[in-house]
Each structure stands twice: as structure tokens, then as C-alpha cells.
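# Residue-level structural notes
Okay, here's what each chain looks like letter by letter:
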Amino acid sequence: ALVEKYELTEFLWKEVEKKYKYFSEQPSVLDFAIEAFTSAAPLGEDPSLGREAKLFISRWKNNSQYADAFEKLSNRLEKELSISDKVSKVEQIEELKDQDAFEVIEKKFIVGIRDGMLDSTIGLEKLKGLLDTRVSSFWYKKYGSLYRALLDGAKMLDAIKKSDLGMSTIDQAFANYAKNFYKIDQLYRSYVYHASRSNQATLLDKLTELVEKHYSNNFLLKLNDRFQRLLDEEDSWPPAGVETQTNFFKECIKPVISDKKKLFVVISDALRFEVAEELNRRILSQDRFTSSIEYRASTLPSYTQLGMAALLPHEKLEVDPTSGECTADGMSTKGLDARKKVLEKNSGVKATAILAKDFLKLNSNNEGRELSREHDLIYIYNNGIDAAGDKLTTQHTTFEAVENELETLLAILKKIGSINGNNALVTADHGFLFNSDKVEDSDFTANPTGNEEGVTSRRYAIGRGLEQSDGYKTFSSASLGLEGEAEFAIPKSINRFKVKGSGSQYVHGGASLQEIVIPVLKVNKARSSDVEIVEVDVLNSGQPKYNYRAKGTDFLPDQTN
């Protein structure tokens, strides 16, 4: 309207004609927009405008101030110009790799990748190449979770195909899991998590079915069947050649506090090894933090009461066969107050325990520093993963709970640093098994029988006089390094006992590698910064987008800011 008011219309269109090669007897803004959009996405046809028109569209869509206007007009023109019909005629998605003027192009690209994965015409390397062409797409942010699911699904399928799941000894099985096998669990978790966040369950249903089938049958079951054969040859636990959870205090904590160093111990319920490995990488991306990860063998059964007790200072552990509750040197270990008493009596230093939610509420300048000043050893407990997974109504949110737990643990470590804490350990009581799909009837085994049976969970049973069975392996207390007369039954491989009213997707207590390979992270905060200048890459000729890589890290796209 202002252009017309000041009689600049003729001048305007002459300039547009010179710059964009736009010719029309009755030029208009809408007509020019149509020509510019279709030139940026010609869909196999010859573009009517010159190269400058494509650059104009590129600069526009990458300008945050005007991106909403771009999207609104793009959606309008997509309908009015029947772009869907034109896109449907494109046979090879590679023809669309540098086009993103319309959202339907992005959808076509995604469906093409999915179909190529399903019919095996798109392997991992080809998929990576295709995704590289979409990173700078206007619609990438909207479909980022979907692209991440596709990528991690492809990575997982490729890793399973190439994996050698061989193992000849239990200590070798632990080492192989901590070096390689955990990555498949990590990729599966990432696929399920991002597929859920994409809100495109119907679009991914067949791919999800493929991912579930390969993960459950070709990895999880096969891996733990092989491990079970090694376990069947053992008469006792923990195994020789593997550092154990029961020695955690003596071997990980005692040397630090004996050296007069203050130590924080963060215990995350059900923080399995693959999750902790991701936490380790996230810690390394933080300024002034260093971290390393090791593994230990958990107690058997791998359940909370026994695992938490094993992490406390003790000489002897005993399990009540009627309740499953555990004592350390005759003292109860159930609940925060009981664990405080064990720490105060057995640690040999000024020690205490606190829940993570209460620790994070402390004012760093006074309450937090007072806590740090008055104690040499501080245990911090959090229950983000197990709290969701152990409930029938929330077990399906386990991987969302994992993501929340990772953020919470980083917040705890930063809080520790803010109250002059320089040394921390992060560990878990046990790991877990999780399937996002319904567990099949074939994955259940008959419940143990015997006199005075006390506790039966999905992955373990505790009692006395438990009968032998081909479906599970039994242990005496003495064979597990425990005091007392309790006996334990653990379903073989990844099988479950049938327990009324409890969930079967998320379970723990058994002897799968996912449950018993326990992480130990050693975290330190340095006095000086370790941030360094890194290279910056301009990804396109429009509004610049930058890639930053923190020192010593190699993260997937949405794991860093």
C-alpha cells in the first residue's frame, strides 16, 4: 500500500525483474511469491525464476523474525497449488534433497526413508547421507525427533546385524557388554524415546515392529541365553574376575575418605550401565568437570533392598526370606533414616544421607555449604527411573523417566560443585530390562514352589525350600555371599515369573547383563575452565547455522545446546 501511495510500483517491479528474472504483464506480490516458492521447489520442472529467487526464499525461511510468515504462506500455497499431487509423482526422494519450500516435501522424504528401511533399500550409510541433506531444512526442527528415531533405529539394526555376541567366561561377558553390547540397548532406548516424542506412532508402526523384533529376538534374548549358559555352570555369586557391588564401599569410597578428601556418593535407583555411559558423556561436555566410567557386578537378586544395602559400609548382609528386606551387620537398611544410621556407625567418618529432591532445594551459599562443611561423606539418593518403571500405570514412560533422570543427575553434580564439592561417585543399585511392546507369553516361566515361600517378583523369588526347575536357577544365601537361610530363585535368561497386578515391560531382579552390569562414575570438578575455541562451519548461504563441539565430546545432535 505504501509503495502504491508513493507511486513506486513501476520502479519496484522493474527492480524485481532485474534481480529475480520475474516477468509478468500484471505483477503482484502473491504472483511473485508463487513463482519464488515453486522456483525454490521445482519438483522436477524447470524453475521460472533465477537463482536469486531461491536465495531469497532461503534467507526468508532462516530469518527467525519472519519464519512464521514464511510457514503460513507456504502452507497456503501448498494447498492452493496442489503441491501434494506433484510431490506424489516424484519417485526418488533424492530428487528432493535440497528442497524444503513446502512441508509436504519433508513428509515425502520421511516416508521414503521409512519405506527404504523396511524394504532394505536404504542402509545406514545411505540414510546418514540423506539425513545430512535435511539438517538445514526449515522443517527439520518440527520433525527432529522423527529423524532421530529413524537414524537410531537404523543404527541399532546395523549394530545387531554386525554384532558378535560371543562370550566364553562371565568376566568376558561383563567386559564385552561394557565395551560394545550396551550400545544396542542405548540405541533401542533412543529409538523408542524419540519415536514417542515425534507423535507419529502410526507412521512408524511397521518400523517400530521391526525394531522390537530385532532387539528382542536377535539381541536381548540371544545375548542373555548365551550368558545364562555361563551362569548355569556357576555355583556361587559374585563371579571371579569381576569387581563387585558388595565391595563398593571398601574399594571406591574408603581410599578417598582415608585420604581426607570429602566425597559425595550419588545413588540413582535403576541407573543401568548404558544410561550411565550417556551421563558420562554429558558430564564431559560441562565446563570444569571430568568423568570416567567403570563397571561392577551387582548382587543377586538385583533388586533395590539388597542393592542399596550392598552400597553401604558393611561386613555382612542378610535377607529376610519372608519379606526380602535386608540388614547390614544386623542393622536395617530400609529407608533413608536407616541408611543414615549405618553410615554414621560403619563409615568411620562424619557421614549422612539425603534425598536428591531435598538436596536440590538447599540454598548453596548457606544450607548447602553447611551440609558439605559438617560431613566428610554424603550419600544422595534419587529414584526417578524405578519410580516410573515399577508401576503398572507408568511403566510405559520408563525411557521418558530416564531422560528426566539424566537431567536431574547433572543438576545434582552441578549443585555439588557449587557447595565446594570436588569429588563424587555416581552408581546404582541395579539395572533393568525394558520392552516397549507387550511381553509375549513365551517370556514367562512357571513360578517357583516350595515351603515357606516369601516374596515373588517378576524376576526373582525369595523363600525357603524352593524346588528346583528348568525354568529358573536357585541359590542359597551362602552361595550369594549372604548370611541367613533364605533361598533365591531367578528366572533364566530374560524370562519372567507371573505376578498378578504388576507390570512386565519394565523388570529387574534377575541376572541379565542389563540388570547386573552396574556403573560407577568417578566425577571431579577442576578449579579452572577446560573450554577451548572450536571451529565454526557455515552450513548454508542463507542465515548462518553453526556447529559447536565441546572439548572431548562427540554427541548426537539433540544432546547438546
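Residues numbered from 1 in each chain as written. Predicted model: local features only at pLDDT ≥ 70, side-chain atom pairs only at ≥ 80, totals over all residues. Heavy atoms only, no water.

## Overview of helix α13 (residues 273-284)
Compared with an ideal rise of 1.5 Å per residue, which puts 12 residues at 16 Å, α13 spans 17 Å between its outermost C-alpha atoms and is within 8% of the ideal. Summarising burial for α13: 11 of the 12 residues are buried, a large majority. When we look at burial in α13, the residues that qualify are Phe-273, Glu-274, Val-275, Ala-276, Glu-277, Glu-278, Leu-279, Asn-280, Arg-281, Arg-282 and Ile-283. Of the surrounding elements, those touching the buried residues of α13 are α10 (170-197), β2 (289-297), α19 (398-418), β8 (423-427) and β17 (517-525). (Helix = DSSP H or I, 4+ residues; strand = E, 2+ residues; numbered from the N terminus. Expected span 1.5 Å × (residues − 1). Buried < 20%, exposed > 50% of the residue type's maximum accessible area, 1.4 Å probe, protein only. Contact = heavy atoms within 4.5 Å.)

## Observations concerning the sheet that holds strand β12 (residues 461-463)
Overall, antiparallel pairing links the 4 strands, which are arranged β11-β12-β14-β13 in an open sheet. The sheet is open, and its two edges are formed by β11 (455-456) and β13 (472-476), each paired on a single side. In the sheet, β13 pairs with strand β14 (residues 487-491) via 5 bridges, with the strands oriented antiparallel. Each residue of the ladder has a partner; that of Tyr-472, found in β14, is Pro-491. (Pairing = 2+ DSSP bridges.)

## A closer look at the nonpolar core
Formed by 161 residues in total, the largest nonpolar core has its most connected members in Ile-113, Phe-174, Trp-237, Ile-253, Phe-359, Tyr-379 and Ile-380. Element by element, the count of residues in this core is highest for α10, at 14 residues. Those residues in contact with Trp-237 that lie beyond four places of it in its chain are Ile-170, Phe-174, Phe-227, Leu-231, Ala-297, Ser-298, Thr-299, Leu-300, Ser-479, Leu-480, Gly-481 and Ile-516. (Core = buried A, V, L, I, M, F, W, Y, C linked by side-chain atoms within 4.5 Å.)

## Structural notes on the side chain of Thr-352
Among the secondary structure elements, Thr-352 is positioned in strand β6 (residues 351-355). Sequence-distant contacts of Thr-352, that is, excluding residues within four places in its chain, are made with Lys-340, Leu-343, Leu-371, His-375, Leu-377, Ile-378 and Tyr-379.

## Regarding the pattern of salt bridges
A complete count under the given rule lists 28 salt bridges for this structure. Note that Glu-407 is salt-bridged to Arg-282, the shortest N-O span being 2.9 Å. With Glu-407 in helix α19 and Arg-282 in helix α13, the pair connects residues that are 125 residues apart, well separated along the chain. Residue classification places Arg-282 among the buried residues on the basis of a relative accessible area of 7%. Lys-334 is the partner of Glu-325 in a salt bridge, and the nearest nitrogen-oxygen pair spans 3.1 Å. Members of the salt-bridge network, linked through shared partners, are Arg-189, Arg-272, Glu-274, Glu-278, Arg-282, Glu-403 and Glu-407. (Salt bridge = Lys/Arg side-chain N within 4 Å of Asp/Glu carboxyl O.)

## Structural notes on unusual backbone geometry
Of the consecutive residues Trp-237 and Pro-238, the connecting peptide bond is found in the cis state with omega at 10 degrees. Checked against the element boundaries, Pro-238 lands in the loop between α11 (201-232) and α12 (248-258). Of the consecutive residues Leu-300 and Pro-301, the connecting peptide bond is found in the cis state with omega at -5 degrees. Assignment of secondary structure puts Pro-301 in the loop between β2 and α14 (304-310). Look at Lys-21: it is not a glycine, yet its phi comes out positive at around 65 degrees. For Lys-21, the location among the structural elements is in the loop between α2 (9-20) and α3 (29-40).

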